[in-house]
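Survey of secondary and tertiary structure
Below are the chains, spelled out letter by letter.
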Amino acid sequence: MRNLALKLMYVGTAYHGWQVQKNAVSVAETLERALAWVVGHPVKCTGAGRTDAGVHAEVYVANFRTTSSIPCDRLPLAVNTRLPDDIVVCKATQVPDSFNAIGSCRKKEYTYRIYNSRLGNAFLVNRAWFYPRRLDETVMAQAAAHFVGTHDFAAVRSVGTETKSTVRTVHYFEVTRSGDLIECRVCADGFLYNMVRAMVGTCVYAAEGKFSPDSIPAILAGRCRTAAGPTVPPGGLYMTRLWYDEDIL
């Protein structure tokens, strides 16, 4: 029995997130069905994280166990013939039995994209959040800096997935602009449900003047979700980088 890690990418618009759902199409279910057809037995994938409905992944890792002897360099080609065009397997690597796509991941990076222009862009529908009022990315960056470090992030999580602790460590949270596109890039050891989207919404509120960037520490300390900014739409969010000790990327 081999333990195989897959590097893949997907556009999440058509899916109800990564995780298998009873009454909705998910990325995991779609991938497992394609893999099962190729390897000739049922497959259960473990993913690097639970991306929500409509969220994308430029880089994603999943692992599964198989009795198939198909070489790793041929597996992506075979699986991709059974997948829709919005999911692509880029690489397969045999990994130790102890490897687990989520448990072995040391840290993750998400990027949220905002199309900040008076007029929309048809090519960025469901790929970036169209926000027509001018945002000051400098103020957003000032707010983002207060999230860096080890904090209780209960104020920027949505109710939905129970966790033992709401304390996480954010390694960096950078906000940059290129023309009309603002990118909010955040890396942490782990993320709570809707945490990135709520952090971005809080930075947007700061840029709108609804509170000062320097209010962020008090908002985090208060642990009250309604004190922070809104949860921004999912279509602008991408998983963009993962860190593993194994050479799978």
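This one's a predicted model, so the numbers in the text were calculated from it and none came from an experiment. (Residues numbered from 1 in each chain as written. Predicted model: local features only at pLDDT ≥ 70, side-chain atom pairs only at ≥ 80, totals over all residues. Heavy atoms only, no water.)

**Things to note about the overall build of the chain**
Convention followed: A helix here means a DSSP run of H or I that spans at least four residues, while a strand means a run of E at least two residues long, and both kinds are numbered starting from the N terminus. Each radius of gyration is computed over the set of C-alpha atoms, and the globule rule expresses the reference value as 2.2 Å times the number of residues to the power 0.38. Burial classes follow relative accessibility: with a 1.4 Å probe on protein chains only, a residue under 20% of its type's maximum area counts as buried, one over 50% as exposed, and anything between as partly exposed. Contacts were defined at the residue level, with two residues in contact if any of their heavy atoms lie within 4.5 Å.
The helix and strand tally for the chain stands at five helices and 10 strands. Computed over the C-alpha atoms, the radius of gyration of the chain is 19 Å, within 12% of the 18 Å expected from 2.2 N^0.38 for a compact globule of 249 residues. For the chain, the C-alpha atoms occupy an extent of roughly 60 × 40 × 35 Å along the three principal directions. A buried classification covers 51% of the 249 residues belonging to the chain. A separation threshold of at least 6 residues defines the contact pool for the chain, and within that pool the share at least 24 residues apart is 72%.

**So, the side chain of Glu183**
The criterion, for reference: Counting of polar contacts relies on pairs of N or O atoms within 3.5 Å, with two restrictions inside protein: one atom must be capable of donating a hydrogen and the other of accepting it, and residues adjacent in sequence are counted only when both atoms are side-chain atoms.
The residue Glu183 is located in strand S9 (residues 181-188) in this model. Using a relative accessible area of 18% as the deciding quantity, one classes Glu183 as buried. Looking at Glu183, its side chain comes within polar contact range of the side chain of Arg113, at 2.7 Å. Within the structure, Glu183 has its side chain in polar contact with the side chain of Arg185 (distance 2.9 Å). Aside from chain neighbours lying at most four places away, what touches Glu183 is Thr111, Tyr112, Arg113, Glu174, Val175 and Thr176.

**Observations regarding the packing of aromatic side chains**
In plain terms, the rule: Stacked, edge-to-face and tilted labels apply to pairs of Phe, Tyr and Trp rings (six-membered ring for Trp) whose centres lie within 6.5 Å, assigned for plane angles under 30 degrees, over 60, and everything in between, in that order. Any Lys NZ or Arg CZ found within 6 Å of a ring centre and within 35 degrees of that ring's normal is scored as a charge over the ring.
Within this structure, the stated rule accounts for nine aromatic pairs. When the centroid spacing of 6.5 Å and the interplanar angle of 20 degrees are considered together, the rings of Phe147 and Phe153 count as stacked. Taken together, the ring pairs connect Tyr10, Trp18 and Tyr60 into an aromatic cluster. Here Lys107 stacks its cationic end above the ring of Trp243, 4.8 Å away from the centre of that ring. In this arrangement the basic side chain of Arg113 is found over the ring face of Tyr238, its NZ or CZ atom lying 4.3 Å from the centre.

**Examining the side chain of Arg168**
The condition is simple: Charged-residue counts in this description rest on Lys and Arg as positive and Asp and Glu as negative, His and the chain ends being excluded. Here, a salt bridge means any side-chain nitrogen of Lys or Arg that lies within 4 Å of a carboxyl oxygen of Asp or Glu.
Mapped onto the secondary structure, Arg168 falls in strand S8 (residues 167-178). Of the buried charged residues, Arg168 lacks a salt bridge, with Asp189 as the closest side chain of opposite charge at 5.1 Å. A polar contact is formed between the side chain of Arg168 and the backbone oxygen of Ser165, at a distance of 2.9 Å. Contacts of Arg168, omitting those with residues within four sequence positions, involve Gly149, Thr150, His151, Phe153, Thr163, Asp189, Gly190, Phe191, Leu192 and Met195.

**Observations concerning the environment of Arg133**
Tracing the backbone shows Arg133 in the loop between strand S6 (129-130) and helix H3 (137-145). Spatially, the C-alpha atoms of Arg133 and Leu119 are 9.9 Å apart, while their sequence positions differ by 14 residues. If we skip the residues at most four places from it in the chain, Arg133 touches Asn116 and Glu208.

**Some thoughts on unusual backbone geometry**
Glycine aside, negative phi is the norm for most residues, and most peptide bonds take the trans geometry. Located in the positive-phi region is Asn126, a residue other than glycine, with phi close to 65 degrees. In this structure, Asn126 sits in the loop between strand S5 (107-115) and S6. Judged by relative accessible area, Asn126 falls into the partly exposed class, the value being 41%. Positive phi is not limited to glycine here, since Asn194 has a value of about 65 degrees. Tracing the chain through its elements places Asn194 in the loop between S9 and helix H4 (195-207).

**Notes on the nonpolar core**
Cut-off, in case you're wondering: Think of a nonpolar core as a cluster: buried Ala, Val, Leu, Ile, Met, Phe, Trp, Tyr and Cys residues, connected wherever their side-chain atoms sit within 4.5 Å.
Grouped together as the largest cluster of nonpolar side chains are 77 residues, with contacts concentrated most on Leu31, Ile114 and Phe173. For this core, the element with the highest residue contribution is H4, accounting for eight residues. Not counting residues within four places of it along the chain, the set of residues in contact with Leu31 comprises Leu6, Leu8, Trp18, Cys45, Val79, Leu83 and Val89.

**Comments concerning helix H1 (residues 27-39)**
For clarity, the cut-off: Given the number of residues in a helix, its expected span is that number minus one, multiplied by 1.5 Å.
Taking 1.5 Å of rise per residue, the 13 residues of H1 would be expected to cover 18 Å, and the 18 Å separating its terminal C-alpha atoms lies within 8% of that figure. Residues of H1 that are buried include every one of Val27, Ala28, Thr30, Leu31, Glu32, Ala34, Leu35, Val38 and Val39, and no others. Of the surrounding secondary structure, the elements contacted by the buried residues of H1 are strand S1 (2-10), strand S3 (56-66), helix H2 (75-80) and strand S4 (87-95). Put simply, Ser26 is the residue that caps the front of H1, since its side-chain oxygen is 3.1 Å from the backbone nitrogen of Glu29. Of the residues flanking the end of H1, it is Gly40, one or two places downstream, whose phi is positive at about 85 degrees.

**Examining H3**
Condition: An arc is given here, and it is the one of the directions from the helix axis to the C-beta atoms.
Along H3, the positions that sit buried rather than exposed are Val139, Met140, Ala143 and Ala144. Down the axis of H3, the sector holding all buried residues measures 140 degrees, keeping them to one side. Residues of H3 that are buried make contact with S5, S8, S9, H4 and helix H5 (216-222). Put simply, Asp136 is the residue that caps the front of H3, since its side-chain oxygen is 2.9 Å from the backbone nitrogen of Thr138.

These values are about where atoms sit, not about what they do.
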